[in-house]
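The residues making up each chain are set out below.
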Amino acid sequence: MSADAVVVGSGPNGLVAAVLLARAGRKVLLLEAAERFGGGLRSGELTLPGRVHDLGATVMAMALASPAFRELREQGLKGVEFAHPPVAAAHPLDDRPAVLVHRDARRTAEGLGRDAGAWLATAGATARGGFPLVGLLLKPLGPWDPAPRAFASAARFGLAGVLPATTLARRAFRTVEARAVLAGMAAHSMLDLRAPISGGYGLLLAGLAHLVGWPLVRGGSQELADALVAELRSLGGEAVTGHRVRRLAELDAPTVVLDVTPRQLLAMADLPPGYRRALQRFRYGPGVFKLDWALDGPVPWRDPAVAEAGTVHLGGTLEEIALSEAETAAGRHSPRPYVLLVQPYAADPTRGGHTLWAYCHVPNGSPVDMTDAIETQIERYAPGFRDRVLARHAMGPAELEAANPNLVGGDVGGGMASLTQFLRRPVWSPAPWRTPLPGVFLCSASTPPGAAVHGMGGWQAARLALKDQARSR
Ligand SMILES: Cc1cc2nc3c(=O)[nH]c(=O)nc-3n(C[C@H](O)[C@H](O)[C@H](O)COP(=O)(O)OP(=O)(O)OC[C@H]3O[C@@H](n4cnc5c(N)ncnc54)[C@H](O)[C@@H]3O)c2cc1C
């Protein structure tokens, strides 16, 4: 097929770019290296026959809140059903009840005792900023809708969010519980929690739990990828798996959108020296070590309320989680790591039984097996967990990168989420999705606004490509 646009890579960003270009009437060819579409949205049978596991993302708060996916759904994306667990997230603690983050901010605050008011003034205020605030945070470089109240709430958010999570937690909260919850949320960023803006990631995720919840896709995240591919095909686009693009010279189209990270782009093309140097400076973050399990029943949490949560943050207090993340940032393996655990069965009974996944952060490219460290952290809050395991599947950084070349050294964020790389992702520019090569755009999580299933990199790259075409006509 001769195409107006080739999209390389079918992660959420590539898929969103492909669908938006096709909706604008362009003939689109989507090329995916793997045998299935979806990138971080892929699902498959990792343990036992009939068990559906998400290889990457499960929790779809960003997809519900992002302007790109809201636009796609409003304009008719079909075949995707979001399922909400009764509790968005839980944070078990030793010798006291777990903290529960509900969709309802007030109910969450009630569980935080002396910090009830502080929770409503921080996470609650973020949720009250609504979609206009989320829109600003996910489109930090515009285009902005004229919504003055959103700028006011963004300014308020910015003052708190620029702080390290450790500082924000200690300033905003007095209780062990509220501080721990913020740490658990902030650690999604994979940053040292003493680093600037790590507090902002925590605040945004907590706010999203109240604004849209932390749902998952019924049947597995693959359903979302497949729905986008179906839409692309219904618009006349072609989508091909098992096709890895090695050099841009292989492609023949006026527009090329790349869902790849800087390291791959460097290998794909001869780039002007300034841009090449900028991409070489791009820093990847820590990797992850991920386990998927098939269980013969639910995790036996000491506090039964944790069973209702889709996501569980393990690792204890603010101090413990901050120590674990500081160890990783320093290139070491924490013996008691922060563990991010997802139990899809809390919301979705269609995945062939009790499947579970969890990961901990490790230094980029680490070959160390963290199975025992992760399972020991689970046993700490769920004694007898190991007896429930029917089968397990482990992926360290090398296996993750082999499955998806964007996960460089096991970095699931597409590059470090530091303040510097918030501003320079991967280059300092009002339109960092545009490369210096005419008609070539970058759209992966290595562009703003970074990691997660929001599709905004693809949305921005498609928008710029269409704008450039309109100008050159
Ligand atoms: C284990 C894990 C858990 C996660 N959990 C969550 C979560 O719960 N919620 C959330 O919002 N986010 C989560 N994320 C992050 C989220 O999945 C990513 O941020 C998101 O998928 C990035 O999208 P992307 O389109 O930039 O790239 P990706 O989803 O990584 O997709 C890139 C695609 O491009 C393909 N590709 C790369 N190079 C080439 C080439 N040369 N030729 C052809 N194809 C190529 C790859 O095979 C891949 O399919 C998780 C990620 C992982 C790995």
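Labelled according to an unreviewed UniProt entry, the protein chain appears under the name NAD(P)/FAD-dependent oxidoreductase, originating from Nonomuraea zeae.

K.L.:
Help me understand the overall build of the protein chain in this model?
P.N.:
Helix and strand counts for the protein chain stand at 18 helices and 16 strands. A globule of 473 residues ought to have a C-alpha radius of gyration of about 23 Å, and the protein chain, at 21 Å, matches this closely. With the C-alpha coordinates of the protein chain rotated into their principal frame, the extents come out at 65 × 50 × 40 Å. Going through the 473 residues of the protein chain one by one, you find that 61% of them count as buried. Put simply, 74% of the contacts in the protein chain that link residues at least 6 apart link residues at least 24 apart. For the protein chain, the exposed area adds up to about 17,900 Å²; of that, 55% sits on carbon and sulfur atoms.

K.L.:
What am I meant to see in the sheet that holds strand β1 (residues 5-8) here?
P.N.:
Two strands in a sheet stick together by hydrogen bonds in their backbones, pointing the same way (parallel) or opposite ways (antiparallel). Taken in spatial order, the five strands of this open sheet run β9-β2-β1-β10-β16, and their pairing is parallel. Edge positions in the sheet fall to β9 (238-240) and β16 (440-442), since each has one partner strand and no second. When the angles between neighbouring strand axes are averaged without regard to direction, this sheet yields 15°. Bridge count between strand β10 (residues 255-258) and β16: three bridges; the pairing is parallel. What sits directly across from V256, in β16, is V440.

K.L.:
Looking at this structure, I do not really get the site of the ligand. What am I missing?
P.N.:
Taken together, 38 residues surround the ligand, and among them E32, G40, V59, D259 and A452 come closest. Backbone polar atom of P12 to an oxygen atom of the ligand: 3.3 Å apart, as the coordinates give it. N13 places a side-chain nitrogen or oxygen 2.9 Å from an oxygen atom of the ligand. The fraction of the free accessible surface of the ligand (1,000 Å²) that becomes covered by protein chains is 93%. Secondary structure elements with two or more residues in the shell around the ligand: α1 (12-23), α12 (262-268) and β14 (354-362). Take the shell around the ligand: its biggest share by element is three residues, from α1. Taken together, the residues of the shell around the ligand break down into 19 nonpolar, 14 polar and five charged. Both of domain 1 (5-48 + 55-81 + 216-282 + 407-472) and domain 3 (287-403) provide at least three residues apiece to the shell around the ligand.

K.L.:
So what exactly am I meant to see when it comes to the domain arrangement of the protein chain here?
P.N.:
Under the domain assignment used here, the protein chain contains domain 1 (5-48 + 55-81 + 216-282 + 407-472), domain 2 (103-211) and domain 3 (287-403). Each of domain 2 and domain 3 was reduced to a C-alpha centroid, and the two centroids are 24 Å apart. Taken residue by residue, the interface counts 16 residues in domain 2 and 14 residues in domain 3. Regarding the contact of domain 2 and domain 3, the summed buried area is about 1,200 Å², with carbon and sulfur atoms giving 73% of it. Summed over the three residues of domain 2 that lose the most area to domain 3, namely A187, H188 and M190, the buried surface amounts to 32% of that side. Joining domain 2 to domain 3, the criterion identifies one salt bridge.

K.L.:
When you look at the packing of aromatic side chains in this model, what are you seeing that I'm missing?
P.N.:
Between two aromatic rings, the relevant description is the distance of the centres plus the angle of the planes. The tally for this structure, following the rule as stated, stands at five aromatic pairs. For the ring pair F282 and Y284, a centre distance of 5.4 Å and an interplane angle of 85° mean the geometry is edge-to-face. Each member of the pair, F282 as well as Y284, is classed as buried. Over the ring of F131 we find R70, and its NZ or CZ is 3.8 Å from the ring centre.

K.L.:
Please explain α1 as it appears in this structure.
P.N.:
Every α-helical turn comprises 3.6 residues, leaving residues that sit three or four positions apart pointing alike. For α1, built from 12 residues, the straight-helix expectation of 16 Å at 1.5 Å per residue is met to within 8% by its first-to-last C-alpha distance of 16 Å. Most of α1 is tucked away, with 11 of its 12 residues classed as buried. Residues of α1 that are buried include every one of P12, N13, G14, L15, V16, A17, A18, V19, L20, L21 and A22, and no others. Those residues of α1 that are buried lie in contact with β1, β2 (28-31), α3 (67-74), α11 (222-234), β10 and α18 (456-472).

K.L.:
Honestly, the pattern of salt bridges in this entry has me stumped. Any pointers?
P.N.:
Opposite charge on two side chains permits them to pair, given that their charged atoms come into close proximity. Applying the stated criterion to the full structure yields 19 salt bridges. A salt bridge links R247 to D270; the nearest nitrogen and oxygen atoms lie 3.5 Å apart. Of this pair, R247 sits in the loop between β9 and β10 while D270 is found in the loop between α12 and α13 (273-281), placing the two residues 23 residues apart along the sequence. On the basis of relative accessibility, which here comes to 63%, the residue D270 falls in the exposed class. As a salt-bridge pair, R434 and D468 come within 2.6 Å of each other at their nearest N and O atoms. Of this pair, R434 sits in the loop between α17 (419-423) and β16 while D468 is found in helix α18, placing the two residues 34 residues apart along the sequence.

K.L.:
Would you explain the sheet that holds strand β7 (residues 96-101) in this entry?
P.N.:
Pairing within the open sheet is mixed, and its seven strands lie in the order β7-β6-β12-β13-β14-β11-β15. Looking at the sheet topology across the chains shown, the edges are occupied by β7 and β15 (389-395). The average undirected angle you get between the axes of adjacent strands in this sheet is 20°. Here strand β12 (residues 309-314) pairs with strand β13 (residues 339-342) via four bridges, running antiparallel. Note on β13: the bridge partner recorded for L314 is V339. This element, helix α15 (residues 371-381), spans β6 (87-93), β11 (287-295), β12, β13, β14 and β15 of the sheet and lies at about 60° to β11.

K.L.:
Please explain α3 as it appears in this structure.
P.N.:
Among all positions in α3, only P67, A68, F69 and L72 are buried. Its buried side turned inward, α3 meets α1, α2 (61-65), α6 (130-138), α11 and α18. One or two positions beyond α3, positive phi appears at G76, with a value near 105°.

So, how was this worked out
Residues numbered from 1 in each chain as written. Predicted model: local features only at pLDDT ≥ 70, side-chain atom pairs only at ≥ 80, totals over all residues. Heavy atoms only, no water. Helix = DSSP H or I, 4+ residues; strand = E, 2+ residues; numbered from the N terminus. Rg over C-alpha atoms; globule rule 2.2 N^0.38 Å. Buried < 20%, exposed > 50% of the residue type's maximum accessible area, 1.4 Å probe, protein only. Contact = heavy atoms within 4.5 Å. Areas by Shrake-Rupley, 256 points an atom, 1.4 Å probe, with all protein chains shown as cover. Pairing = 2+ DSSP bridges. Axes fitted to C-alpha atoms, helices over the stretch in contact; angles between N-to-C directions. Near = heavy atom within 4 Å. Polar contact = N/O pair within 3.5 Å; in protein donor to acceptor, adjacent residues only side chain to side chain. Nonpolar A, V, L, I, M, F, W, Y, C, P; charged D, E, K, R; others polar. Domains from an automatic or database assignment. Buried area = accessible area lost by both parts, 1.4 Å probe. Salt bridge = Lys/Arg side-chain N within 4 Å of Asp/Glu carboxyl O. Phe/Tyr/Trp six-rings, centres within 6.5 Å; stacked < 30°, edge-to-face > 60°. Lys NZ or Arg CZ within 6 Å of the ring centre and 35° of its normal. Expected span 1.5 Å × (residues − 1).

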